[in-house]
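Analysis of the macromolecular model
In case you want the letters, here they are:
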Amino acid sequence: EDKVVQSPLSLVVHEGDTVTLNCSYEVTNFRSLLWYKQEKKAPTFLFMLTSSGIEKKSGRLSSILDKKELSSILNITATQTGDSAIYLCAVGPFSGGYNKLIFGAGTRLAVHP
Amino acid sequence: EAGVVQSPRYKIIEKKQPVAFWCNPISGHNTLYWYRQNLGQGPELLIRYENEEAVDDSQLPKDRFSAERLKGVDSTLKIQPAELGDSAVYLCASSLDRRTADIQYFGAGTRLSVL
């Protein structure tokens, strides 16, 4: 059965700290791994990773995929209170000509001033 | 460009009542998804549409849930009758087409509370 596991489930840090969120997966016909940020509104797309070892970066956020270890990490440096959210990892097993997304339960990040 | 629009944002109903959710995807997006997100969990796919055709509804509880996407644009998801366990956030997402379905864009969701 395809599954995605995220850790930790929740994290509390202070502004300025650096955090690392983990995502591990077991899927057949892996195609891509995506990170989303979910606040009290729509989950917003952060990154899509398909190749191992290539870091994707956007401002203070970065992510990298390790296909050998079947995992990915999302790093946030110099955290701000606006980074408080649930971070969702989703993996796309490719089946039937379409990329179905399997989501993890998310990591709830709270950044305190 | 407008994102995925869902309504209502919140809905409170008593069990056994019917309820409907509406979704308008990003203009030009052929693929539309309905997900259910229970508290503390990630979204789980209920149904996927390619244009007006439901091509993956294997996770949709068909005894009480129904969905339609007339004309391949807007979509509605209905529950009749609702049960206590249906309380969740119902998310709609869209993507350009099956070849680029990797990136799905989500609406803000409808939070359903069944009392």
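Let me begin by describing the structure that accompanies this report. Fair warning: this is a prediction, and the values are worked out from it, not measured in the lab.

1. Observations regarding the pattern of salt bridges
Residue and element names in this part refer to chain B.
- The tally for this structure, following the rule as stated, stands at 5 salt bridges over all chains.
- Glu50 is the partner of Arg48 in a salt bridge, and the nearest nitrogen-oxygen pair spans 2.3 Å. Like Arg48, the residue Glu50 is buried in the burial classification.
- Note that Asp86 is salt-bridged to Arg64, the shortest N-O span being 2.6 Å. Note that Asp86 is positioned in the loop between strand S8 (75–79) and strand S9 (88–95) and Arg64 in the loop between strand S6 (53–56) and strand S7 (65–68), a separation of 22 residues in sequence. When sorted by exposure, Asp86 lands in the same class as Arg64, which is buried.
- Because the salt bridges share partners, they merge into one network encompassing Arg64, Glu83 and Asp86.

2. Description of the interface of chain B and chain A
- Contacts between chain B and chain A engage 21 residues on the former and 21 residues on the latter.
- Of the roughly 1,700 Å² buried between chain B and chain A on both sides combined, carbon and sulfur atoms contribute 52%.
- Linking chain B with chain A are 0 salt bridges.
- At the boundary of chain B and chain A, one finds 3 residue pairs in polar contact (both at pLDDT 80 or more).
- For the side of chain B that touches chain A, the elements supplying multiple residues, two or more each, are strand S4 (31–37) and strand S5 (44–50) of chain B.
- The element best represented in the side of chain B that touches chain A is S4 of chain B, accounting for 3 residues.
- Taken together, the residues of the side of chain B that touches chain A break down into 9 nonpolar, 6 polar and 6 charged.

3. Section: the environment of Arg111 of chain B
- Assignment of secondary structure puts Arg111 of chain B in strand S11 (residues 110–114).
- When residues no more than four places from it in sequence are discounted, the contact partners of Arg111 of chain B are Arg9, Tyr10, Lys11, Ala88 and Val89 of chain B.

Cut-offs applied
- Residues numbered from 1 in each chain as written.
- Chains lettered and ligands numbered in written order.
- Predicted model: local features only at pLDDT ≥ 70, side-chain atom pairs only at ≥ 80, totals over all residues.
- Heavy atoms only, no water.
- Salt bridge = Lys/Arg side-chain N within 4 Å of Asp/Glu carboxyl O.
- Buried < 20%, exposed > 50% of the residue type's maximum accessible area, 1.4 Å probe, protein only.
- Helix = DSSP H or I, 4+ residues; strand = E, 2+ residues; numbered from the N terminus.
- Contact = heavy atoms within 4.5 Å.
- Buried area = accessible area lost by both parts, 1.4 Å probe.
- Polar contact = N/O pair within 3.5 Å; in protein donor to acceptor, adjacent residues only side chain to side chain.
- Nonpolar A, V, L, I, M, F, W, Y, C, P; charged D, E, K, R; others polar.

Read these as layout, nothing more, since geometry by itself doesn't imply function.
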